[in-house]
Amino acid sequence: MPKVGILMGSDSDLPIMKKAADTLSKLGIDYEMTIISAHRMPDIFTEYATGAQDRGIRVIIAGAGGAAHLPGMCAAMFDLPVIGIPIHTKSVGGVDSLYSIVQMPSGIPVATVAIDGAVNAALLAAQMLAISDEELHQKLRDYRADMKAGVVAKAEKLEKLGYDAYIAQM
């Protein structure tokens, strides 16, 4: 049974939202993913958002560009955590999306990550779920240890090769 719902308003958001799905998969977290529009299909959207908890969803990750209402509308109808991902837009680089998601009215919070920050959205969802799941908590510790090891290896390579040779190998 999926614990995380990944939503996007358009298939053009899929390359970004895939990063959230991939990160959840690496951590062994079941999720469901769909394209849904709060504006173009409000009846189906409402059914999804109000029924998510009954289907086992504990966190919703919603990506949206432009007016970016999807995360906020989810938060209005789903009383567990919602994480918004502002999607980069051609017109103003995603700042419009960021402002739309982060400026929620008092009482309807949406945790908001960076523009196109799908990996962090998945990690934040995992941290929320790990509060009551020690096995998942250990997977998050291991994830961080792997990140550290990767940076240490890069630093050692830089020290060994020097920056010109390092850049040439990039």
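It should be noted that the structure appears before, not after, this text.
Everything quoted here is computed from the prediction, not taken from an experiment.

Draft legend 1. Molecular detail of the sheet that holds strand S5 (residues 111-112). Strand order in the open sheet made by the five strands is S2-S1-S3-S4-S5, with parallel pairing throughout. The open sheet terminates on both sides in strands that have one partner only, identified here as strand S2 (31-35) and S5. As defined by bridge partners, strand S1 (residues 4-8) adjoins strand S3 (residues 59-64) across five bridges and the pair is classed as parallel. From the neighbouring strand, Met-8 faces S3, where its bridge partner is Gly-63.

Draft legend 2. Fine view of the pattern of salt bridges. Within the structure shown, the criterion is met by three salt bridges. The salt bridge involving Glu-32 is made with Arg-55; its shortest N-O contact spans 2.8 Å. With Glu-32 in strand S2 and Arg-55 in the loop between helix H2 (42-51) and S3, this pair connects stretches of sequence that are 23 residues apart. Glu-134 is the partner of Arg-141 in a salt bridge, and the nearest nitrogen-oxygen pair spans 3.0 Å.

Draft legend 3. View of the nonpolar core. One finds Val-4, Ile-29, Ile-61 and Ile-85 to be the most contacted residues of the largest nonpolar core, which totals 26 residues. Every element with two or more residues in this core is listed here: S1, helix H1 (14-26), S3, strand S4 (82-86), helix H5 (118-130) and helix H6 (134-161). It is H5 that contributes the most residues to this core, eight residues altogether. Leave out the neighbours within four places in its chain, and Ile-61 touches Val-4, Gly-5, Ile-6, Leu-7, Met-17, Leu-24, Ile-83, Ile-85, Ala-121, Ala-122 and Ala-125. Membership of the second largest hydrophobic core comes to 19 residues, among which are Ala-38, Phe-45, Tyr-48 and Phe-78.

Draft legend 4. Layout of the packing of H2 against helix H3 (residues 70-77). For the pair H2 and H3, interaxial distance at closest approach is 8 Å and the crossing angle is 55 degrees. Relative to H3, the element H2 is oriented oblique. When you trace H2 past H3, the crossing you get is right-handed. Seen from H2, the contacting residues are Phe-45, Thr-46, Ala-49 and Thr-50; seen from H3, they are Leu-70, Met-73, Cys-74 and Met-77. Residues belonging to the contact of H2 with H3 are distributed by class as follows: six nonpolar, two polar and no charged.

Cut-offs used in this document
Residues numbered from 1 in each chain as written. Predicted model: local features only at pLDDT ≥ 70, side-chain atom pairs only at ≥ 80, totals over all residues. Heavy atoms only, no water. Pairing = 2+ DSSP bridges. Helix = DSSP H or I, 4+ residues; strand = E, 2+ residues; numbered from the N terminus. Salt bridge = Lys/Arg side-chain N within 4 Å of Asp/Glu carboxyl O. Core = buried A, V, L, I, M, F, W, Y, C linked by side-chain atoms within 4.5 Å. Buried < 20%, exposed > 50% of the residue type's maximum accessible area, 1.4 Å probe, protein only. Contact = heavy atoms within 4.5 Å. Axes fitted to C-alpha atoms, helices over the stretch in contact; angles between N-to-C directions. Parallel < 35°, antiparallel > 145°, perpendicular 65-115°, else oblique. Left-handed = near helix turned anticlockwise from the far one by under 90°. Nonpolar A, V, L, I, M, F, W, Y, C, P; charged D, E, K, R; others polar.

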